[in-house]
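Listed below are the residues making up each chain.
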Amino acid sequence: MMQRLHLVFGGELVDPQRTEFRDTSQIHYVGIYPNYETAYGAWKAEAQRTVDSAHTRYFIAHLHRLRDEETPVSPTEELGA
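Residues numbered from 1 in each chain as written. Predicted model: local features only at pLDDT ≥ 70, side-chain atom pairs only at ≥ 80, totals over all residues. Heavy atoms only, no water.

Trainee: Any chance you could break down helix α1 (residues 36-49) for me, citing the residues and the numbers?
Mentor: Relative to the 20 Å expected for 14 residues at 1.5 Å per residue, α1 spans 20 Å between its end C-alpha atoms, a close match to the ideal helical length. Inspection of α1 places A39, A42 and E46 among the buried residues, and these make up the whole buried set. Looking straight down α1, one finds that the buried residues subtend no more than 65° of arc, so they occupy a single side. Exposed positions of α1 whose direction lies more than 90 degrees from the buried face are E37 and Q48. In this fold, the buried residues of α1 make contact with β1 (6-12), β2 (28-33) and β3 (56-62). (Helix = DSSP H or I, 4+ residues; strand = E, 2+ residues; numbered from the N terminus. Expected span 1.5 Å × (residues − 1). Buried < 20%, exposed > 50% of the residue type's maximum accessible area, 1.4 Å probe, protein only. Arc of directions from axis to C-beta. Contact = heavy atoms within 4.5 Å.)

Dropping the structure here:
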């Protein structure tokens, strides 16, 4: 079975309607997780912890989707990105 790593991170955004961080040096790296379920749990805990800050958002990045840009992909994979 292929390992599917996920990164959970977040911080204060310039505008809650966008995904631009106010200060990238202050991004909070929560951790890297071996599957989506544990990443989701970490994301949810941080999102709930910061619920009173309208400008703070947390994200889950699917690290397993990163790939060598020189390697061709199928049209289906491009749609899922």
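Moving on, there is more to tell.
Trainee: Can you break down the nonpolar core residue by residue, with the values?
Mentor: L7, F9, L13, F21 and I27 together form the largest nonpolar core, which totals 5 residues. Those residues in contact with L7 that sit more than four places away from it in its chain are Y29, G31, I32, F59, I60, A61 and L63. (Core = buried A, V, L, I, M, F, W, Y, C linked by side-chain atoms within 4.5 Å.)

Trainee: Explain the sheet that holds β2 to me, and be specific about the residues and the numbers.
Mentor: Taken together, the 3 strands give an open sheet; going across it, the order is β2-β1-β3, and neighbouring strands pair in antiparallel fashion. Across the chains shown, the open sheet's two edge strands, defined by having one partner strand only, are β2 and β3. Between one strand and the next, the sheet's axes are offset by a mean angle of 15°, whatever the strand orientation. Inspection of the sheet shows β1 paired to β3 by 7 bridges, in the antiparallel sense. Within β3, the position partnered with F9 by the bridge is F59. Across the face of the sheet, α1 comes into contact with β1, β2 and β3 while running at roughly 170° to β3. (Pairing = 2+ DSSP bridges. Axes fitted to C-alpha atoms, helices over the stretch in contact; angles between N-to-C directions.)

By themselves, these are just geometric observations and shouldn't be taken as functional.
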